[in-house]
Amino acid sequence: MKKLGRPRKAHALRKENISVNLPKTLVSEVESQLSYKSSRSEWIELAIKEKLGERFTVSESTTVQLLLAAAERKDISEFLRKVIRSEIKLMMQVAETVEEQ
């Protein structure tokens with residue numbers, strides 16, 4: 001007989017709730033990086049993976065993370081590098097403006 005319902009995730013893929021105390025300024029900085037529909041937990045998970053040296057997929061990355069990675073590539077021109085960096089600055093300014101409202 002076939003089981004009904006959603007299949008369970010493998011034990012290693014299940015998530016665990018943890019509690020971490022962080023300075024308010026750090027939390028504000030993280031939240032300024034998030035878009036309206038972004039998840040703070042996912043952002044922190046990616047930051048931890050990055051710190052641990054794990055690779056993450058493009059779909060898991062934020063736009064800023066992808067742009068930063070592109071700006072560090074050796075196969076792009078200095079002009080493109082400047083364009084990317086100016087776009088990142090603009091995105092940060094917009095995020096700050098939205099946060100202030």
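Residues numbered from 1 in each chain as written. Predicted model: local features only at pLDDT ≥ 70, side-chain atom pairs only at ≥ 80, totals over all residues. Heavy atoms only, no water.

A.B. asks: Mind laying out the nonpolar core, listing which residues take part and the relevant values?
C.D. replies: Listed in full, the six residues of the largest apolar core are V64, L67, A71, I76, I84 and I88. Among the elements that line this core, the one with the most residues is helix α3 (residues 63-71), at three residues. Sequence-distant contacts of I76, defined by excluding residues within four places in its chain, comprise A70, A71, R81 and I84. (Core = buried A, V, L, I, M, F, W, Y, C linked by side-chain atoms within 4.5 Å. Buried < 20%, exposed > 50% of the residue type's maximum accessible area, 1.4 Å probe, protein only. Helix = DSSP H or I, 4+ residues; strand = E, 2+ residues; numbered from the N terminus. Contact = heavy atoms within 4.5 Å.)

A.B. asks: Any details on the layout of surface pockets? Residues and values, ideally.
C.D. replies: Considered as a void within the structure, the largest pocket measures approximately 700 Å³ in volume. Residue lining of the largest pocket: 15 residues in total, with E16, I18, S41, I44 and E45 positioned closest to the centre. Where the lining of the largest pocket is concerned, the elements lending two or more residues are α1 (24-32) and α2 (40-51). If one sorts the elements of the lining of the largest pocket by residue count, α2 sits on top with six residues. Looking at side-chain class alone, the lining of the largest pocket contains seven nonpolar, three polar and five charged residues. The volume enclosed by the second largest pocket comes to roughly 550 Å³. If you trace the second largest pocket, you find 26 residues lining it, with Q33, L34, S35, S38 and T62 closest to the centre. Contributing elements (two or more residues each) for the lining of the second largest pocket: α1, α2, α3 and α4 (78-100). (1 Å grid on protein atoms, 1.4 Å probe; cavity = no way out; pocket = protein on both sides within 12 Å on 5 of 7 lines; lining within 4 Å. Points joined across faces, edges and corners; volume = space filled by probe spheres on them. Nonpolar A, V, L, I, M, F, W, Y, C, P; charged D, E, K, R; others polar.)

A.B. asks: Quick one: what's the story with the pattern of salt bridges, residue by residue and with numbers?
C.D. replies: Considering all chains together, one arrives at six salt bridges under this definition. With a closest N to O distance of 3.3 Å, K49 and E45 form a salt bridge. One end of the pair is K49 and the other is E45, both in helix α2 and four residues apart, which spans about a single turn. Residue E45 is classed as partly exposed on the basis of its relative accessible area, which comes to 29%. For the salt bridge of D75 with R73, the shortest nitrogen-to-oxygen distance reads 2.8 Å. A relative accessible area of 46% means that R73 is categorised as partly exposed. Each of K15, E45 and K49 takes part in a single network of salt bridges with overlapping partners. (Salt bridge = Lys/Arg side-chain N within 4 Å of Asp/Glu carboxyl O.)

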